[in-house]
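Residue-level listing of the chains:
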Amino acid sequence: MKKINYFILVISILIAFYEIGQSDKNVIIIVIAFVLFMFSMMRLSSKIPSKNLDNNNENVD
């Protein structure tokens, strides 16, 4: 699943940069690429544990 998120991330970046480089930019494609980029970043960052989780557990005891 992680590899799929990386793939979506890279493809969305490439599509956005390609579309920005065109003389006649299609805003819809840029927005869709940006949404895909943010969605894949959200899914990847949800796998990273929080640093504050350990601190909150120590303060409770």
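As the structure is a computational prediction, the values presented were derived from the model and not from experiment.

Draft legend 1. Spatial organisation of helix 2 (residues 27-45). Between its first and last C-alpha atoms helix 2 spans 27 Å; for 19 residues at 1.5 Å apiece the expected length is 27 Å, and the two agree. Every buried residue of helix 2 is accounted for by Ala33, Ser40 and Leu44. Buried residues of helix 2 fall within an arc of 40 degrees about the axis and therefore sit on the same side. Turned more than 90 degrees off the buried face of helix 2, the exposed positions are Val27, Ile28 and Phe34.

Draft legend 2. A look at the confidence of the model for the chain. When pLDDT is averaged along the chain, the result is 84; 85% of the residues meet or exceed 70. Highest mean pLDDT in the chain belongs to helix 2 (91); lowest belongs to helix 3 (residues 52-60) (62).

Draft legend 3. Looking closely at helix 1 (residues 2-21). Taking 1.5 Å of rise per residue, the 20 residues of helix 1 would be expected to cover 28 Å, and the 29 Å separating its terminal C-alpha atoms lies within 8% of that figure. Contact partners of the buried residues in helix 1: helix 2.

Draft legend 4. Geometry of the packing of helix 1 against helix 2. Between helix 1 and helix 2, the least distance of the axes is 8 Å, while the angle of their chain directions is 155 degrees. If you check the angle between helix 1 and helix 2, you find them roughly antiparallel. In the crossing of helix 1 with helix 2, the sense of the turn from one axis to the other is left-handed. Each of Lys2, Asn5, Tyr6, Ile8, Leu9, Ser12, Ile13, Ile15, Ala16, Glu19 and Ile20 in helix 1 lies in contact with helix 2, whose residues at this interface are Ile29, Ile30, Ala33, Leu36, Phe37, Ser40, Met41, Arg43 and Leu44. Here the residues of the contact of helix 1 with helix 2 are counted per class, giving 14 nonpolar, three polar and three charged.

Cut-offs and rules
- Residues numbered from 1 in each chain as written.
- Predicted model: local features only at pLDDT ≥ 70, side-chain atom pairs only at ≥ 80, totals over all residues.
- Heavy atoms only, no water.
- Helix = DSSP H or I, 4+ residues; strand = E, 2+ residues; numbered from the N terminus.
- Expected span 1.5 Å × (residues − 1).
- Buried < 20%, exposed > 50% of the residue type's maximum accessible area, 1.4 Å probe, protein only.
- Arc of directions from axis to C-beta.
- pLDDT = per-residue confidence, 0-100.
- Contact = heavy atoms within 4.5 Å.
- Axes fitted to C-alpha atoms, helices over the stretch in contact; angles between N-to-C directions.
- Parallel < 35°, antiparallel > 145°, perpendicular 65-115°, else oblique.
- Left-handed = near helix turned anticlockwise from the far one by under 90°.
- Nonpolar A, V, L, I, M, F, W, Y, C, P; charged D, E, K, R; others polar.

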